[in-house]
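# Structure assessment
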Amino acid sequence: MSSARDYLAEREESREWARRTVEKHAPLVNRIARHLLARMPANVQIDDLVQSGMIGLLDAAKKYDHTKGASFETYAGIRIQGAMLDEVRKGDWTPRSVHRKSREVAKAIQKIEARTGRNASEKEIAGELKIDLDTYFNILKDSSGTRLFSFDEINESADPALELVEGDLPDPADNMQQGRFREDLASAIDTLPEREKLVLSLYYDEELNLKEIGEIIGVSESRVSQIHSLAALRLRSKLSVWR
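Let me begin by describing the structure that accompanies this report.

## Examining the packing of aromatic side chains
Here the structure, examined in full by the defined rule, presents three aromatic pairs. Seen in terms of ring centroids, Tyr64 and Phe72 are 5.2 Å apart; in terms of plane orientation they differ by 80°. Their pairing is edge-to-face. Centroid distance Tyr136 to Phe137: 5.3 Å. Interplanar angle 55°. Geometry classified as tilted. Tyr136 gets classed as buried once you look at its relative accessible area, which sits at 0%. Under the relative-accessibility criterion, Phe137 is labelled partly exposed at 21%. A network of ring pairs unites the aromatic residues Tyr64, Phe72 and Tyr75 as a single cluster.

## A few points about the pattern of salt bridges
Applying the stated rule across the entire model yields 12 salt bridges. Here Arg31 and Glu73 are joined by a salt bridge, their closest N and O atoms 3.6 Å apart. Of the two residues, Arg31 sits in helix H1 (residues 2-37) while Glu73 sits in helix H3 (residues 72-91), which places them 42 residues apart along the sequence. Using a relative accessible area of 32% as the deciding quantity, one classes Arg31 as partly exposed. Across the salt bridge formed by Glu113 and Lys238, the nearest N and O atoms sit 3.2 Å from each other. In this pair, Glu113 is assigned in helix H4 (residues 96-116) and Lys238 in helix H10 (residues 221-238), connecting sequence segments 125 residues apart. Connected via shared salt-bridge partners are Glu113, Glu196, Arg234 and Lys238.

## A look at the nonpolar core
The tendency in soluble globular proteins is for nonpolar side chains to be buried as a group. With 21 residues, the main nonpolar core has Leu49, Leu57, Ala76, Ile80 and Met84 as its most contacted residues. Looking at this core, the elements that each hand over two or more residues are H1, helix H2 (46-63) and H3. Among all residues touching Ile80, those that are not within four sequence positions of it are Leu28, Val29, Ile32, Gly53, Gly56 and Leu57.

## A short note on unusual backbone geometry
The backbone phi angle of Lys130 is positive, close to 60°, even though this residue is not glycine. Position of Lys130 relative to the elements: it lies in the loop between helix H5 (122-129) and helix H6 (133-143).

## Thoughts on the side chain of His25
Looking at the secondary structure, you find His25 in helix H1. The contacts of His25, once residues within four sequence positions are left out, are Leu57, Phe72 and Glu73.

## Let's talk about the side chain of Ser229
Mapped onto the elements of the fold, Ser229 is located in helix H10. Classification of Ser229 as buried rests on a relative accessible area of 3%. Side-chain polar atoms of Ser229 contact the backbone oxygen of Leu140, separated by 3.1 Å. Non-local contacts of Ser229, meaning those with residues more than four positions away in its chain, are made with Leu140, Ser143 and Ser144.

About the cut-offs
- Residues numbered from 1 in each chain as written.
- Predicted model: local features only at pLDDT ≥ 70, side-chain atom pairs only at ≥ 80, totals over all residues.
- Heavy atoms only, no water.
- Phe/Tyr/Trp six-rings, centres within 6.5 Å; stacked < 30°, edge-to-face > 60°.
- Buried < 20%, exposed > 50% of the residue type's maximum accessible area, 1.4 Å probe, protein only.
- Salt bridge = Lys/Arg side-chain N within 4 Å of Asp/Glu carboxyl O.
- Helix = DSSP H or I, 4+ residues; strand = E, 2+ residues; numbered from the N terminus.
- Core = buried A, V, L, I, M, F, W, Y, C linked by side-chain atoms within 4.5 Å.
- Contact = heavy atoms within 4.5 Å.
- Polar contact = N/O pair within 3.5 Å; in protein donor to acceptor, adjacent residues only side chain to side chain.

Set out below in structure tokens:
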């Protein structure tokens, strides 16, 4: 009888902790939603991101294990963003043609850089594709909503590192492979042109939105979006070995 009471009391305490945790970290959901929305297509609504993010937060509160080392905020941030991206993927809002053209740009970059031994310029990329610069910039604009990098979906692009941390008990071999991918990704980022590295740093490390980044580097918000897209496609070309 006493064990049943203990069980019920423990379960109620666990539920109360989850409730308080969700209330405390609700602003984190809004912050991540606003950050992601800056590079999503117009048909993605912040309310949808917040709703899916709250589900991710609740899931994190239920599954969090403090003995594994990561802080709850770090763990929850991964779960929240993952839930939001899953919701966006379900919408299937990115036409296949956008992915195809993005891959063509990445392949063009790879060819130019293999041939010249340096980062390809935008004029060279457009020339390799036999298109004018306006068409090239339109491809970057269309690509701006796609994810940057994903371990499992390297051909489709996604956010670095965050989506690599999945599963409660990963296989040791997976950890080694993911570790090598992170190392290769870090090395690839280090070879990017300085402006592209700066945009990625301000966006992912400092968590600034595109408008704020534009004010810092002195360009328009749309140009920041183009730079971000080019950096993503350049990284895809540099990490083609992971396909």
